[in-house]
Amino acid sequence: MRISIVALLLSLSFGASAQSLNEARGYFDNYEYGKAASAYDSYSKMKSLSLDDYKKWAYSCFVIGDNAKGFPLADSIIQTREVEPLFFYIHGEMAMGLGKYEEAEASFTKYQKLDNEYDVSVKIQSCQQIPSWKEQEYNTLSNPLGLNDSKANMVGQYYNDVLFVFREVGKDSTGNNASENVDEAPLVLARPYYISNEGQLQAIGLNSEDPNISISSMAFVPGSNQVVLSASKPLANESIDRAPHLYLANFNWDEMSIDSLELAPFSGYEDTTSCTHPTINKSGTHLVFAKEGEYTAASDLYYSERKGNGWSAAKPLRKINTAFDEMFPKFSGDSILFFSSDGYPGYGALDIFSVAFNNGEIGERNHPNAPVNSLMDDFNFVWLSQDSAVFSSNRIGGHGDDDLYFIGYRKIEILPVVPDSSDFDDFVANWKNVNIYFNFDKYDLEKDFAKMDDLVTFLSHYPNSKITIEGHTDSRGSNEYNMKLGYNRAETVKNELVTRGIHPSQIEITSKGETQPPHECQKCSEADYALNRVAIISLDAK
């Protein structure tokens, strides 16, 4: 009898484990990798897995970003003889995610020798550089549930003191009734919202002939009620219509609604490309957007100039675009352009970068360190104030696929500081104003200027101290134009110093244009002009 009961229990256990294994394989075949990883994990505690199932388990962990669970699996797999090159890539990604950069570099290098499906050259550079990157100083980082209760929550634009965002909404098979569960809805659309003064999400009204149009991004044209937006028609018969394109529309501020949609001249239909993520600078003179199609390497950034009531033909931003993806551009003011890319050394997938932008000319590329950038996709960075910003990310630990993250930077508490240390006195005694020179009619940084580590350290120790950046130009051009150019030069230097760690509240900028040239000359030569195209950093030590 005892033998019969034991045999029965063993048979039941075998049946349950076999069912569990079949479930795991079924989930994997249906691309339900989260469920597959969980089922394989449960089965592995009862029975050993075949190498093929072991690989499926590791791959599932890789897809869902479970590096802690997946890395030991991939580590074992690459020790076997029957290993596909892909698992060296997976091992590298997981090692990178766990901060094991030497192991990651070794795996990427091995993969590079075995296969060329994925270009891992940037990954290898990243592994070599990340150990030297220091995390940004910040005060708070949050992704509030009340603003992230949709599957996808993406930053739009901060305009007229209003933050616009985009969220996924679900509709049933009739395309009319909203569904509470986006995952189960047969139709998912992106729609614009704004955050009210009470911190509540409010939907933007949409008056369109197609009620099932999906709007994923929008940019306001300064000085008008016009917006440029990207939209797609997911229920359209033709694939070209299902792709996102750029539209012009009217924005009604009284009703907080969009109407009068019409295709933009650079919509993407003219060259059969998809066009998304429009952004317009503060003065309304330039538009940048992402474009992807037969004539682009991947997703590339393009720009257009305002011409009267219209826009010029779009041109690629070749100094930014790589063979990888560049997307999610966001202007900050007139002269700084943020964007996301996986074509430069970074922490993981898409990282946020910024550049100085001057009539399509691109300056030095900057890369914010963690926590803004993470191992996953980070994009749509928008300043809300000098001390706070918002961006989107699909990093591990979010509420949905993409979340809004609000970051508050270190606030300067003004305290009486007695400058009696020898370090303070030595620094002040040895301080000399720093001159940053520019090319003719430019305000982007052509070359990296001297390291500012000592100045960053000094200002962090003495928060009452400040610097002033004074922008100058040569005498060519109108006074009005040169005043703006001088300001742009000072602003470019300020933004560069902020990325190096100086707090924005400790930097003041001003423009002298051509009115107070640092270098006086009568019959000015090109060398004389060059000495006056400068931004001067001075110190007010307290």
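The preceding data block contains the structure.
Since we're looking at a predicted model, the values are computed, not measured.

Each value, and the rule that gives it
Residues numbered from 1 in each chain as written. Predicted model: local features only at pLDDT ≥ 70, side-chain atom pairs only at ≥ 80, totals over all residues. Heavy atoms only, no water. Buried < 20%, exposed > 50% of the residue type's maximum accessible area, 1.4 Å probe, protein only. Helix = DSSP H or I, 4+ residues; strand = E, 2+ residues; numbered from the N terminus. Disulfide = S-S within 2.5 Å. Pairing = 2+ DSSP bridges. Axes fitted to C-alpha atoms, helices over the stretch in contact; angles between N-to-C directions. Salt bridge = Lys/Arg side-chain N within 4 Å of Asp/Glu carboxyl O. Parallel < 35°, antiparallel > 145°, perpendicular 65-115°, else oblique. Left-handed = near helix turned anticlockwise from the far one by under 90°. Contact = heavy atoms within 4.5 Å. Nonpolar A, V, L, I, M, F, W, Y, C, P; charged D, E, K, R; others polar.

Enquirer: Looking at this structure, how should I read unusual backbone geometry?
Expert: The phi torsion of most residues other than glycine is negative, and most of the peptide bonds are trans. Cis geometry is found at the peptide bond from Ala-370 to Pro-371, where omega equals 15 degrees. Of note in the backbone geometry, Thr-272 takes a positive phi value of approximately 55 degrees without being a glycine. Here Thr-272 falls in the exposed class, since its relative accessible area comes to 56%. Not every positive phi belongs to a glycine, and Asn-380 is a case in point at roughly 55 degrees. Counting through the fold element by element, Asn-380 comes out in strand β21 (residues 378–383). By relative accessible area, which is 7% here, Asn-380 ends up buried.

Enquirer: Just checking my understanding: could you explain the state of the cysteines for this structure?
Expert: Where two cysteines share a covalent bond between their sulfur atoms, that bond is called a disulfide. Within this structure, the stated rule accounts for 1 disulfide. Between Cys-521 and Cys-524 runs a disulfide, and the two sulfur atoms are separated by 1.8 Å. Across the S-S bond of Cys-521 and Cys-524 the torsion is about 90 degrees, and the bridge reads as right-handed.

Enquirer: How should the pairing of strand β23 (residues 403–408) be read in this particular structure?
Expert: Strand residues, when the strand is regular, have side chains that alternate between the two faces of the sheet. With respect to burial, β23 is a largely interior element, 6 of its 6 residues being buried. Because side chains alternate across β23, one face comprises the buried residues Asp-403, Tyr-405 and Ile-407, and the other comprises Leu-404, Phe-406 and Gly-408, equally buried. Alignment of strand β1 (residues 140–142) against β23, held across 3 bridges, turns out to be antiparallel. Bridging across to β23, Thr-140 finds its partner in Gly-408. Examined bridge by bridge, strand β22 (residues 388–393) and β23 share 6 bridges and lie antiparallel to one another.

Enquirer: Please clarify how the sheet that holds strand β25 (residues 466–472) should be interpreted in this entry.
Expert: In any sheet, the strands associate via hydrogen bonds between backbone groups, in a parallel or an antiparallel arrangement. Overall, mixed pairing links the 4 strands, which are arranged β24-β27-β25-β26 in an open sheet. Each edge of the open sheet is held by one strand with a lone partner, namely β24 (434–437) and β26 (507–513). With strand direction ignored, the average angle separating the axes of adjacent strands in the sheet is 20 degrees. Two strands pair when backbone bridges link them, and β25 and β26 are joined in this way by 6 bridges, in the parallel orientation. By the bridge assignment, Ile-467 is partnered in β26 with Ile-507.

Enquirer: Would you mind going over the pattern of salt bridges with me for this structure?
Expert: Once the charged atoms of two side chains with opposite charge are near each other, the side chains can pair. Across all of its chains, the model carries 16 salt bridges by this definition. With a closest N to O distance of 3.3 Å, Glu-32 and Lys-35 form a salt bridge. Taking relative accessible area as the criterion, Lys-35 reaches 46% and is therefore assigned partly exposed. Where Asp-474 meets Arg-533, a salt bridge forms, and the shortest distance between an N and an O atom there is 3.3 Å. Taken together, the positions of Asp-474 in the loop between β25 and α11 (479–499) and Arg-533 in the loop between α12 (526–532) and β27 (534–540) put the pair 59 residues apart, joining distant regions of the chain. In terms of burial, Asp-474 and Arg-533 fall into one category: buried. Residues joined by salt bridges that share partners form a network here, namely Asp-474, Arg-476, Glu-526 and Arg-533.

Enquirer: Would you take a moment to explain the sheet that holds strand β7 (residues 205–206) for this structure?
Expert: Spatially, 5 strands are ordered β7-β11-β10-β9-β8 in an open sheet, and the strand pairing comes out mixed. Every interior strand has two partners, whereas the edge strands, β7 and β8 (214–220), have only one. Sheet analysis places β7 next to strand β11 (residues 257–263), joined by 2 bridges and oriented parallel. Note on β11: the bridge partner recorded for Gly-205 is Ser-257.

Enquirer: What is the right way to look at the packing of helix α5 (residues 86–97) against helix α7 (residues 121–129) in this model?
Expert: The relative placement of two packed helices is expressed as an angle between their axes plus a distance between the axes. Relative orientation of the contacting elements α5 and α7 amounts to 30 degrees, with a least axis distance of 12 Å. The pairing of α5 with α7 is recorded here as roughly parallel in orientation. Seen along the crossing, α5 lies across α7 with a hand that is left-handed. Judged by residue contacts, Tyr-89, Glu-93 and Met-96 of α5 engage Lys-123, Ser-126 and Cys-127 from α7. Classifying every residue of the contact of α5 with α7 by side-chain character gives 3 nonpolar, 1 polar and 2 charged.

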